Amino acid sequence: MIAYIERFVHDADAAAAESRPPDSISDSPTAIDSSYINADEDDASISAASKDFGGLRTAFPSAVIRPSSAADIASTIHLASKSTSLTVAARGNGHSVNGQSMTDGGLVIDMRSLPDTPTLFSLPDFHFVDVSGGALWEEVLDNCVSEHGFAPRSWTDYLGLTVGGTLSNAGVSGQAFRFGPQTANVAEMEVVTGKGETVICNENENSELFFGVLGGLGQFGVITRAKIVLDNAPDMVRWIRLVYGIFDEFTRDAEFLVTRPENSPSFDYVEGFVFVNSDDPVNGWPSVPLDASQRFDPRHTPPAAGSVLYCLEVALHYRHRDSRSAVDEVVEGLLGGLSNLPDLRFEADLSYKDFLLRVKKVEEEAKANGIWDAPHPWLNIFVSKADIADFDRTVFKKMLMDGIGGPMLVYPLLRSKWDERTSVVLPEGEEIFYIVALLRFCPPCPGSSTVDALVAQNQEILFHCKRRGYSFKQYLPHYESEEDWKQHFGDKWSRFVERKQRFDPMAILAPGQKIFCRTQQV
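It should be emphasised that the depicted structure is a prediction, and the values quoted were computed from it without experimental measurement.

Calculation notes
- Every residue gets a number counted from 1 within its own chain, in the order that chain's sequence is written.
- Given that the model is predicted, a residue must reach a pLDDT of at least 70 before its local features are reported, and side-chain atom pairs must reach 80 or more before they are shown or counted; all residues, however, enter totals for whole chains, interfaces and linings.
- Only heavy atoms go into the side-chain values, all of them from the structure, while hydrogens and water stay out.
- Each helix is a run of H or I in the DSSP string that is no shorter than four residues. Each strand is a run of E no shorter than two, and both are numbered from the N terminus.
- Our radius of gyration looks at C-alpha atoms and nothing else; its globule reference is 2.2 Å times the residue count to the power 0.38.
- Remark: exposure states derive from per-residue accessible area (1.4 Å probe, protein chains only) relative to the maximum for the residue type, with buried under 20%, exposed over 50%, and partly exposed in between.
- Methods summary: accessible areas were calculated by the Shrake-Rupley approach with a probe of 1.4 Å, and residue burial reflects only the protein chains presented.
- Note on aromatic pairs: the rings of Phe, Tyr and Trp (six-membered ring only in Trp) are paired at centre separations within 6.5 Å, and the planes decide the class, stacked below 30 degrees, edge-to-face beyond 60, tilted for the rest.
- The pocket and cavity definitions rest on a 1 Å grid over protein atoms only: a 1.4 Å probe that fits but cannot leave marks a cavity, an open set with protein on both sides within 12 Å along at least five of seven lines marks a pocket, and residues lining either have an atom within 4 Å of a point.
- Grid points are joined across faces, edges and corners, and a volume is the space filled by probe spheres set on the points.
- The residue classification treats Ala, Val, Leu, Ile, Met, Phe, Trp, Tyr, Cys and Pro as nonpolar and Asp, Glu, Lys and Arg as charged. All others, Gly included, are polar.
- His residues and chain termini do not enter the charge count, which takes Lys and Arg as positive and Asp and Glu as negative.
- Only one rule defines a salt bridge in this text: a Lys or Arg side-chain nitrogen within 4 Å of an Asp or Glu carboxyl oxygen.
- Whenever a nitrogen or oxygen atom comes within 3.5 Å of another N or O atom, the pair is scored as a polar contact, on the condition that within protein one atom can donate a hydrogen and the other can accept it, and that pairs from neighbouring residues in sequence are kept only if both atoms are in side chains.
- Two residues qualify as a contact provided that any one of their heavy atoms is within 4.5 Å of a heavy atom in the partner residue.
- Here, a strand pair is defined by DSSP locating no fewer than two bridges between the strands.
- Lines fitted to C-alpha atoms define the axes here, with helix axes fitted over just the stretch in contact, and angles between the N-to-C directions of these axes take values from 0 to 180 degrees.
- pLDDT measures the predictor's confidence residue by residue and takes values from 0 up to 100.
- Given the number of residues in a helix, its expected span is that number minus one, multiplied by 1.5 Å.
- Taken from the helix axis, the directions to the C-beta atoms give the arc we talk about.

A word on the overall build of the chain
Then, in step 1: Assigned secondary structure in the chain consists of 16 helices and 18 strands.
Then, in step 2: Here the C-alpha atoms of the chain give a radius of gyration of 24 Å, agreeing with the 24 Å that 2.2 N^0.38 yields for 522 residues.
Then, in step 3: Along the three orthogonal principal directions, the C-alpha set of the chain runs to about 75 × 55 × 45 Å.
Then, in step 4: For the chain, with 522 residues in total, the buried portion stands at 56%.
Then, in step 5: When the accessible surface of the chain is split by element, carbon and sulfur atoms take 50% of a total near 21,700 Å².

Brief notes about the packing of aromatic side chains
Pairs of aromatic rings are described using the distance from one ring centre to the other and the angle between the two planes.
Then, in step 1: Inspection of every chain in the model, using the stated rule, returns 32 aromatic pairs.
Then, in step 2: Taken together, a centroid distance of 6.3 Å and an interplanar angle of 40° make the contact between Trp 372 and Phe 441 tilted. Note that Trp 372 is positioned in the loop between helix H12 (358-369) and strand E15 (379-384) and Phe 441 in the loop between strand E17 (432-438) and helix H14 (448-467), a separation of 69 residues in sequence.
Then, in step 3: What makes Trp 372 buried here is its relative accessible area of 10%.
Then, in step 4: Residue classification places Phe 441 among the buried residues on the basis of a relative accessible area of 15%.

Considering empty space enclosed by the protein
A water-sized probe rolled over the atoms picks out the places where empty space is left.
Then, in step 1: Scanning the model with the defined rule gives four cavities of 30 Å³ or more in all.
Then, in step 2: Lining the largest cavity are 13 residues, and of these Gly 215, Val 424, Val 425, Pro 477 and His 488 lie nearest its centre.
Then, in step 3: Grouping the amino acids of the lining of the largest cavity by side-chain chemistry returns eight nonpolar, five polar and no charged.

Side note on unusual backbone geometry
Then, in step 1: The backbone of Asn 206 shows a phi angle near 50°, a positive value even though the residue is not glycine.
Then, in step 2: Position of Asn 206 among the secondary structure elements: in the loop between strand E9 (198-202) and helix H8 (207-213).
Then, in step 3: Classification of Asn 206 as partly exposed rests on a relative accessible area of 39%.
Then, in step 4: Look at Leu 476: it is not a glycine, yet its phi comes out positive at around 55°.
Then, in step 5: Among the structural elements, Leu 476 can be located in the loop between strand E18 (472-475) and helix H15 (482-489).
Then, in step 6: Judged by its relative accessible area of 29%, Leu 476 falls in the partly exposed class.

Structural notes on the side chain of Glu 271
Then, in step 1: Considering the arrangement of structural elements, one finds Glu 271 in strand E12 (residues 269-276).
Then, in step 2: Although Glu 271 is buried, it makes no salt bridge; Arg 358 carries the closest opposite charge, 4.5 Å away.
Then, in step 3: Among the polar contacts made by the side chain of Glu 271, one reaches the side chain of Tyr 269 at a distance of 3.2 Å.
Then, in step 4: Setting aside its immediate chain neighbours within four residues, Glu 271 contacts Asp 157, Ser 173, Gly 174, Cys 311, Leu 312, Glu 313, Leu 409 and Tyr 411.

Overview of the pairing of E15
Here is the key point about a regular strand: its side chains alternate between the two faces of the sheet.
Then, in step 1: For E15, the tally of buried residues reaches six of six residues, placing the bulk of the element in the interior.
Then, in step 2: Side chains Leu 379, Ile 381 and Val 383 of E15 all project onto a buried face; the interleaved residues Asn 380, Phe 382 and Ser 384 project onto the opposite face, where all are buried too.
Then, in step 3: In the sheet, E15 pairs with E17 via six bridges, with the strands oriented antiparallel. The residue bridging Val 383 from the neighbouring strand is Tyr 434, located in E17.
Then, in step 4: Relative to E18, E15 runs antiparallel, the two sharing four bridges. Each bridged residue has a counterpart across the sheet, and for Asn 380 the counterpart in E18 is Tyr 475.

What about the sheet that holds E18?
Then, in step 1: On the basis of which strands lie adjacent, the open sheet formed by eight strands has the order E14-E11-E13-E12-E16-E17-E15-E18 and antiparallel pairing. Among the strands making up the open sheet, the edge pair consists of strand E14 (345-351) and E18. The mean inter-strand angle of the sheet, taken between neighbouring strand axes irrespective of direction, is 25°.
Then, in step 2: Here E12 runs beside strand E13 (residues 308-318); their pairing, made up of eight bridges, is antiparallel.

Things to note about the pattern of salt bridges
Then, in step 1: For the structure on display, the rule yields 30 salt bridges.
Then, in step 2: Here Arg 319 and Asp 235 are joined by a salt bridge, their closest N and O atoms 3.0 Å apart. Of this pair, Arg 319 sits in the loop between E13 and helix H10 (324-335) while Asp 235 is found in the loop between strand E10 (221-232) and strand E11 (236-244), placing the two residues 84 residues apart along the sequence.
Then, in step 3: The partner of Asp 392 in a salt bridge is Lys 397, and the shortest N-O contact between them spans 2.4 Å.
Then, in step 4: Here Asp 392 falls in the buried class, since its relative accessible area comes to 2%.

Regarding the sheet that holds strand E1 (residues 38-40)
Strand pairing in a sheet is mediated by backbone hydrogen bonds. Such pairs are either parallel or antiparallel.
Then, in step 1: One open sheet accounts for four strands, arranged E1-E2-E4-E3; its pairing is mixed. The strands lining the two open edges of the sheet, one partner per strand, are E1 and strand E3 (88-91). Shown here is a sheet whose adjacent strand axes are inclined to one another by a mean of 30°, direction ignored.
Then, in step 2: The pairing of strand E2 (residues 63-66) with strand E4 (residues 107-110) spans three bridges and is classified as parallel. Among the inter-strand pairings, Ile 65 is bridged to a residue of E4, identified as Ile 109.

Re the confidence of the model for the chain
Then, in step 1: The predicted model of the chain averages 92 in pLDDT, with 93% of residues at 70 or higher.
Then, in step 2: The low-confidence segment residues 14-35 (pLDDT under 50) makes 26 contacts with residues lying over four places distant or belonging to another chain.

Structural notes on H10
Then, in step 1: End to end, H10 covers 16 Å across 12 residues, agreeing with the expected 16 Å (1.5 Å per residue, within 8%).
Then, in step 2: When we look at burial in H10, the residues that qualify are Val 327, Val 331, Leu 334 and Leu 335. Down the axis, H10 shows its buried residues gathered within 95° of arc, on one side only. With respect to the buried face of H10, the exposed residues turned more than 90 degrees away are Ser 325, Glu 329 and Gly 333.
Then, in step 3: Those residues of H10 that are buried are in contact with E11, helix H9 (247-258), E13 and E14.

This is how it looks when you write it as structure tokens:
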């Protein structure tokens, strides 16, 4: 129970806690009367919270808090503020890859413990759903699509992530070229700040906190609820993969599809990936077909094709009432002028829900063969349009020519769909930039040397980007020094620091990001 934490705080710095001047919130008896909060300190809970999906780091907390309300989280932060060193890390489904959701010796808040009672709101022009920050996006899918026929406009590829977790980063998938990332599709949030204040914020009310928290890496507050923008959900999806032998043709077509005029026919989803030009079952040709009945015939690849090939992945939404011929007409109209290899086209029709849960099947297979629980030294970066061709020549075609044991995503995004008031940073340059996601899966029980080599290769890629003078930024960033963080945020660094001083002046929150050091007092 929480009594353990109170004992820890008092033992750590009882004198400082007694001498700290009260304020209007922390002086409230109800704010620190936390005897009802559930806190686990058993070995199993501590062990589970000491690691994340990345599997590269461990950090053992003192206790795992299982809140039942935002008030519980506020009370936990108040208690932490009574110590000179205690920190608090919000943990959703544990899918950080570099320890961002962990704390060494601090308190982990299990956001999945928050009760979730989704509530739909309808206005003349908009629909919203109000959900817990600890809800998984797949739960939002079940509630909104299956029960009400609505859907969020912007998703992530994998839906086993929490709402608060993706909003704290950005939330990117193939819909982002149309609607922006998930941070551009939230109307309002309830946030518990690093001062223990529970605040309702939106674009007009407490807007500095609202935009700071979006993409803020958990530095300014814990998202306890979010109001997500909805649209009418389609019934079906036409899912298509097109193969390319030349990177310039791949990028030209991808950019054409994501820059279609606002009211003209358009795909609803555009992504792409790089794959090895070989029969490697994980990295090569077999990774392209959409189901077991389809086969990749390498005889249709160009004789001069290099070490890697490219796949443009698109999807069109439609309703049951739409005729197949009408769907075909739209699809062929969009694909008609593209430069893909005509005999290497794969497509399937499936329900909208099955399409959104496509990565769930990958998860089930990975768990069955043991690689889901192995380390995942992932690297995600945004690269400017001006530099992406050189990145292909030097990284995809050379450094990664044998693959990475998982997807190598690359597809264009549009700067105008991102709100510069949020804490997310993008590479400098023109309207189009690219996301590159190297989603490595290690073999079961890999040796430390294997993992270290993959991490080293990630660092080599980042160093290469710096050496070549690319305009790029890490997405889901990880740095070890303040100087690196300053370079990451660039001219947004001073604003980021000001927000930290305003909303979490003692640097209690999200210590795993390694941006700020815990201070003893305000």
